[in-house]
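This is what each chain is made of:
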Amino acid sequence: ASVSLDVRAADSLPELAGNFPHVSDLNMSVSGLLSQTPEAFVRQFPNARSLTLGIRDGVDRVQLAERLKALPSIRELEMAGPLGPQFTEAVQSVIDAMPHLQRLDVIGMADELDVSRLTQLHSLSVYGTTEAWPKGALQLPQLRSLDLTHSSVKTLPPEWLSGHESLWPGMKLN
């Protein structure tokens, strides 16, 4: 059974004395994540596989990427933030640091997203005003679900029509 823990209202988390091996899904703010050392996070949540993060403008994207890079057990990531270039840069930094992701949901995307390094990705959802097709998506060998219904993407790249039939059943567009 999967157990979820929602601590996104906390701007910082104290290092907890116990550990929570039963928690597999975490929902937290970036400041809450950054308040923990990677070692403390892994010790407290050794079986966390899914992470939902709320990202605000002004976040140190280098520090965020480094922190998430130190959490290889996270396979599913949802990031939500304000539309704009700072959020796009933060998201791209995280993607570049986490090539092992299997599911990625990005809420608030305004610009182009490059997912070409996510070779284990099975599922990608992009929400926002971006009109750009996710760069590298068609080259991902494991991708089976691509949801762009809540974006402004209106056209399919021509190469989608040939050799990507396995993605067609999991494709969602407006």
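A quick note: this is a predicted structure, and the numbers were derived from the prediction, not measured.

Colleague: Explain the pairing of strand β4 (residues 76–80) here, please?
Modeller: Side chains on a regular strand alternate between the two faces of the sheet. Side-chain alternation along β4 places Leu77 and Met79 on a buried face and Glu76, Glu78 and Ala80 on a face that remains uncovered. Alignment of strand β3 (residues 50–54) against β4, held across 5 bridges, turns out to be parallel. In the sheet register, Gly54 faces β4, and the bridge partner there is Ala80. Following the chain from β3 across helix α3 (residues 61–69) to the adjacent parallel β4, one finds a crossover that is right-handed. Sheet topology places β4 next to strand β5 (residues 103–109); 5 bridges connect them, and they run parallel.

Colleague: What is the right way to look at the packing of aromatic side chains in this model?
Modeller: For any two aromatic rings, the description comes down to two numbers: the centre-to-centre distance and the angle of the planes. Counted according to the given criterion, the structure contains 3 aromatic pairs. Considering the side-chain rings of Phe41 and Phe45, the 5.5 Å spacing of their centres and the 55 degrees angle between planes classify their relative orientation as tilted. This pair shows no difference in class: Phe41 is buried, exactly as Phe45 is. Between Trp160 and Trp168, the aromatic rings sit 5.4 Å apart at their centres with planes inclined by 40 degrees, giving tilted as the arrangement. Given the relative accessible area of 35%, Trp168 is considered partly exposed. By way of ring pairs, the aromatic residues Phe20, Phe41 and Phe45 are connected into one cluster.

Colleague: Would you mind showing me how to read the environment of Leu143 here?
Modeller: One can find Leu143 in the loop between β6 (123–128) and β7 (145–147). Linking Leu143 and His164, residues 21 residues apart in sequence, is a C-alpha distance of 9.8 Å. Filtering out sequence-adjacent residues up to four positions away, Leu143 remains in contact with Leu121, His122, Ser123, Leu124, Ala137 and Leu167.

Colleague: Is there a simple way to think about the sheet that holds β7 in this case?
Modeller: Hydrogen bonding along the main chain pairs the strands of a sheet, whether they run parallel or antiparallel. Read from one edge to the other, the open sheet built from 8 strands follows the order β1-β2-β3-β4-β5-β6-β7-β8, with strand pairing classed as parallel. Taken across any chain shown, the strands that pair with only one partner, and hence form the sheet edges, are β1 (3–6) and β8 (171–172). Note: β7 against β8, 2 bridges, orientation parallel. When the sheet's bridge partners are listed, Asp147 is paired in β8 with Lys172. Sitting on the sheet, helix α4 (residues 85–97) is in contact with β4 and β5, with an inclination near 165 degrees to β5.

Colleague: Got a minute to help me understand α3 in this structure?
Modeller: Helical geometry: 3.6 residues make up each α-helical turn, so side chains three or four residues apart lie on a common side. Those residues of α3 that fall on the buried side of the exposure criterion are Leu64, Ala65, Arg67 and Leu68. Relative to the axis of α3, the buried residues are bounded by an arc of 165 degrees and lie together on one face. Along α3, exposed side chains directed more than 90 degrees from the buried face belong to Val62 and Lys69. In the core, the buried residues of α3 are packed alongside α1 (30–34), α2 (38–44), β3 and α4. The backbone nitrogen of Val62 has a side-chain oxygen 3.1 Å away, supplied by the residue at the start of α3, namely Asp60.

So, how was this worked out
- Residues numbered from 1 in each chain as written.
- Predicted model: local features only at pLDDT ≥ 70, side-chain atom pairs only at ≥ 80, totals over all residues.
- Heavy atoms only, no water.
- Buried < 20%, exposed > 50% of the residue type's maximum accessible area, 1.4 Å probe, protein only.
- Helix = DSSP H or I, 4+ residues; strand = E, 2+ residues; numbered from the N terminus.
- Pairing = 2+ DSSP bridges.
- Right-handed = clockwise from strand over helix to strand, strands pointing away.
- Phe/Tyr/Trp six-rings, centres within 6.5 Å; stacked < 30°, edge-to-face > 60°.
- Contact = heavy atoms within 4.5 Å.
- Axes fitted to C-alpha atoms, helices over the stretch in contact; angles between N-to-C directions.
- Arc of directions from axis to C-beta.
- Polar contact = N/O pair within 3.5 Å; in protein donor to acceptor, adjacent residues only side chain to side chain.

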